[in-house]
Amino acid sequence: MTGGAAADLPPIRHNDYSPLDPPALGAWDPELSVSVIIPARGGQHRLDLALASLAAQTYPDHLMEVIVVDDGSEPPLRLPEIVPRHTRLVPTDPSGWGIAHAVNTGAALAGGRIIQRLDADMVVCREHIEALARWHHLAGYLVAIGAKKFVEEPSLTAAQVHDGVRAGRLEAVFDLAGALPSSTEQTISRTNGLRASRNPYHVCTGPTVSMRREIFRAVGGVDAEVLRGEDTEFAYRLAAHGVVFIPDMKAQAVHLGLPAQRRDRQRAVRVVAPYLAHRVPLRRDLRKDRGRHWLVPYVEVVLGAEGPEEQVREAVGAALDGSLGDVVVTLVAPWSKLSAERRPVLDDPLFDLRLLREHFAHDERVRFADEVSATPAPIPFRYTGPASVPLGRDSLERMIAAMQDDRSGMLVVDLGADGEATLERTEALGRARLLGADDDAAVAAAVRATHGVRRGARPEFWPAEAAPPVPPSPRPQAPAPERKSAPQAARQGTGQARRHQARGGWSTLLGRLRTSLRN
């Protein structure tokens, strides 16, 4: 075992980590240091039990530190007697508050190569840290998830928990037979350990999860503005970064207390929804409001902006006016050359480029970049195509549907003489970068190996417009009615008058009858 990612690992297809072979528990020598970050607010007794279980771990204590972050507890938390050797209690950074902010505070102080987040009300089994850390010795782009069950907080002392965990008898300390299973474990079982999951980030909740420190920092840590559901949002950004999620059911733990959903499920769901709606575009069920602009768009459309101005404007308009409105457009051109210095307005050598920028400078859906970024994360899809071929009304929806059908990481569409258009899945690009791909050819090869590349033709995604309906041929006019002689017309008019009078007579008679009946 080595401290770095193995260079000869076979590529992992989607989230099928079957090629990885972790060492058996207790049969290997760990090398990577671990920093366990515990955000806490109140709950001193639960924290005491959690720390007691960490003090009984099989992972070498010289490779493990524990950082408890007190998020404004009243009274302040304290460290109990039974704790791991390298444990410290720190206050949360005064610039903010909340679980995410506390986790970021601890991670900023962490010296371990592995960041292990653990809730303050989790009691873990003896091999918990070892079971998760062994995966990170295989590769640097893995996120390991521990198991958990919910139990009512027992009347136990920290010493009892420590002795029970050290003896390897977590089930003797807690009534695991009567514990409430986690819904995430059901999903894990149903998807073959997440190997067949399309969106494995869904089960990567916060109570116990670990990753390499560089991965944590690369995605920007946990979003401190998300007060509930911060773990799901963080997991989504990890997925966009290209990681592989691995649940390890041998990393057992019990959560002291029932989940919040059991107390008020409707309120718990409602409080999370707006945070995820803005930040997790794959949650299409949360974006049903038409015409809304969201913090993180669903698709980035990248267009070269150095062509004819009218052509570029038409392409931008087509992208923003398509059936998929959840879009942002990035115009690529040497915008940095447009200085604010005095210049001839009409004879400016960058005249067209300046006009184009002014056209879209105040549209929040249009961005300007000198070059295409390596990845559009956290936006889940990126389209790149020539401005000479504006997107059709539903081209993006058609392309995304095709990619979702076979879970491919890239779709390349042949546009004939106009070149190619490409739709890329961000998580596939992220995986390619994590595997060391540093140019377009290497990225395409890596995506082909991990997610697959699909090819298509223009008519499939730019269907020909239906021809306008052919107006019906004029009907032949009916012959003019025969003109009647004056006597005939008079006789016909007399007959019509008599029939009218008869109908009127009957109406009058019926009216009188109804009146008499009412009276």
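Quick caveat, the model's predicted, so the values are computed rather than measured.

Draft legend 1. View of the nonpolar core. V299, V301, V316, V329, L331, Y383 and W462 are the most contacted members of the largest nonpolar core, which totals 38 residues. Elements represented by at least two residues in this core include exactly β12 (299–304), α10 (309–320), β13 (327–332), α11 (351–360), β15 (381–385), α12 (395–406), β16 (410–414) and β17 (420–425). The residues touching L331, leaving out its near neighbours within four places in the chain, are L303, A305, V312, V316, F360, V366, R367, F368 and A369. Judged by nonpolar contacts, the second largest core, of 33 residues, contains A102, L194, A235 and V280.

Draft legend 2. Examining a nonpolar patch on the surface more closely. Judged by side-chain polarity, V345, L346, F351 and L355 come together as a nonpolar surface patch covering roughly 390 Å² of accessible area. One can find L346 in the loop between β13 and α11. Judged by relative accessible area, L346 falls into the exposed class, the value being 70%.

Draft legend 3. Just the sheet that holds strand β5 (residues 122–124), in detail. Read across the sheet, 4 strands follow the order β5-β11-β7-β8 without closing on themselves; strand pairing throughout is mixed. Edge positions in the sheet fall to β5 and β8 (180–181), since each has one partner strand and no second. Bridge count between β5 and strand β11 (residues 253–256): 3 bridges; the pairing is antiparallel. Considered in β11, the bridge of M122 is made with H255.

Draft legend 4. Structural detail: the packing of aromatic side chains. Inspection of the entire model under this criterion finds 5 aromatic pairs. Relative to F381, the ring of Y298 has its centre 5.5 Å away and its plane inclined at 80°; by these criteria the two rings are edge-to-face. Here the residue Y298 occupies a position in the loop between α9 (260–279) and β12, and F381 occupies one in strand β15, the gap between them amounting to 83 residues. Taking the centre distance of 4.9 Å and the plane angle of 80° together, the rings of W335 and F368 count as edge-to-face. Here W335, found in the loop between β13 and α11, pairs with F368, found in strand β14 (residues 366–369); they are 33 residues apart in sequence, far enough to count as distant.

Draft legend 5. Focus on helix α13 (residues 426–434). All of the buried residues along α13 are T426, A428, L429, G430, R431 and A432. Taken from the residues just after α13, G436 is the one with a positive phi, measuring 100°.

Draft legend 6. Fine view of the pairing of strand β2 (residues 64–70). Among the 7 residues that make up β2, 7 are buried, leaving the element largely enclosed by the rest of the structure. Neither face of β2 is exposed, since M64, V66, V68 and D70 on one face and E65, I67 and V69 on the opposite face are all buried. Where the polypeptide runs from strand β1 (residues 34–40) across helix α1 (residues 44–54) and back to β2, its parallel neighbour, the crossover connection is right-handed. Alignment of β2 against strand β3 (residues 87–91), held across 5 bridges, turns out to be parallel. Note on β3: the bridge partner recorded for V66 is T87.

Thresholds applied
The numbers attached to residues start from 1 for each chain and follow its sequence in the written order. Residues qualify for local features only when their pLDDT is at least 70, as the model is predicted, and side-chain atom pairs are given and counted only at 80 or more; totals for whole chains, interfaces and linings, by contrast, use all residues. Side-chain numbers here rest on the full set of heavy atoms in the structure, without hydrogens or water. Only buried residues count toward a nonpolar core, which is a set of Ala, Val, Leu, Ile, Met, Phe, Trp, Tyr and Cys residues joined through side-chain atoms within 4.5 Å. Under the scheme applied here, a residue whose accessible area is under 20% of the maximum for its type counts as buried, over 50% as exposed, and between as partly exposed, the area being computed with a 1.4 Å probe on protein chains only. The helix count covers DSSP runs of H or I at least four residues long, the strand count covers runs of E at least two residues long, and both are numbered beginning at the N terminus. In what follows, a contact means two residues having at least one pair of non-hydrogen atoms within 4.5 Å. Here the term patch refers to residues with relative accessible area over 30% and no salt bridge, with like charges joined within 9 Å and nonpolar side chains (Val, Leu, Ile, Met, Phe, Trp, Tyr) within 5 Å. Reported accessibility uses the Shrake-Rupley method at a 1.4 Å probe radius. Residues are deemed covered only where the shown protein chains occlude them. By definition, a salt bridge exists where a carboxyl oxygen of Asp or Glu is found within 4 Å of a side-chain nitrogen of Lys or Arg. Two strands pair if DSSP finds at least two bridges between them. A pair of aromatic rings is counted whenever rings of Phe, Tyr or Trp (Trp by its six-membered ring) have centres within 6.5 Å, and the orientation is called stacked for planes under 30 degrees apart, edge-to-face for over 60 and tilted otherwise. Handedness is read with the strands pointing away from the viewer; a crossover is right-handed when the path from the first strand over the helix to the second is clockwise.

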